Amino acid sequence: CFVCVCVCVCLCVCHMSGLEVVHIGDRVKVVLADEALEGRVFGSSSDVLILHESNAGSTRSLVRVVNLAEMVRVEVLEELAKSDIPRELPDFYHKDTDLPPVDQRAAVSRLREATEKQRNRLGDGVPLAAQQVFDRLEKTMTCAWKADSIIVF
């Protein structure tokens, strides 16, 4: 399977049932082995299709990355050119795709906590083999370094 982006912003999606041409912004139905997804084509790369799913009853939307190798069928439900979405909006974006504001203090706090946690995981001046033992132990139990010894709680 492959996706190629043409000059006209069109995608040629090759899947098991054949070749389908879709455009960025088209509303499509993507059938996988175990589920079917509907949404607008948001973009693609060489092995994935990015699908924007919007729920009319919700203020949230979902962006899915679909592996092209897992696609069984792609159906174009509505072409962007025939859509009732106003053209003054960029492509097919909706107001519900606006990102919420980021709490900078909380983000910095989370970064500090993560850095401190990572720093506590590293033994000071211990051999590589000892660090590897600690890393394996930590996956299943609570442990910490005390000088060059591993303390298991």
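Data block above holds the structure.
Keep in mind it's a predicted model, so treat the numbers as computed, not measured.

Things to note about the sheet that holds strand 8 (residues 71–78)
Next, step 1: What the five strands build is an open sheet, ordered 7-6-5-4-8; its pairing is antiparallel. With one partner strand each, in any of the chains shown, strand 7 (61–67) and strand 8 form the two edges of the open sheet. Pairwise comparison of adjacent strand axes, ignoring direction, gives a mean angle of 40 degrees for this sheet.
Next, step 2: Pairing of strand 4 (residues 27–32) with strand 8 involves six bridges; the strand directions are antiparallel. Directly across from Val28, in strand 8, lies its bridge partner Val76.

Description of the side chain of Glu53
Next, step 1: Take Glu53: it is sitting in strand 6 (residues 48–54).
Next, step 2: You can call Glu53 buried: its relative accessible area is 13%.
Next, step 3: A distance of 2.8 Å separates the side chain of Glu53 from the side chain of Arg64, its partner in a polar contact.
Next, step 4: Those residues in contact with Glu53 that sit more than four places away from it in its chain are Leu37, Glu38, Gly39, Ser61, Leu62 and Arg64.

Quick word on helix 1 (residues 104–121)
Next, step 1: With 18 residues, helix 1 should cover 26 Å at 1.5 Å per step; its first-to-last C-alpha distance of 26 Å lies within 8% of that length.
Next, step 2: Here helix 1 starts with a cap whose side-chain oxygen sits 3.2 Å from the backbone nitrogen of Arg105, and that cap is Asp103.

Definitions and limits used
Residues numbered from 1 in each chain as written. Predicted model: local features only at pLDDT ≥ 70, side-chain atom pairs only at ≥ 80, totals over all residues. Heavy atoms only, no water. Pairing = 2+ DSSP bridges. Helix = DSSP H or I, 4+ residues; strand = E, 2+ residues; numbered from the N terminus. Axes fitted to C-alpha atoms, helices over the stretch in contact; angles between N-to-C directions. Buried < 20%, exposed > 50% of the residue type's maximum accessible area, 1.4 Å probe, protein only. Polar contact = N/O pair within 3.5 Å; in protein donor to acceptor, adjacent residues only side chain to side chain. Contact = heavy atoms within 4.5 Å. Expected span 1.5 Å × (residues − 1).

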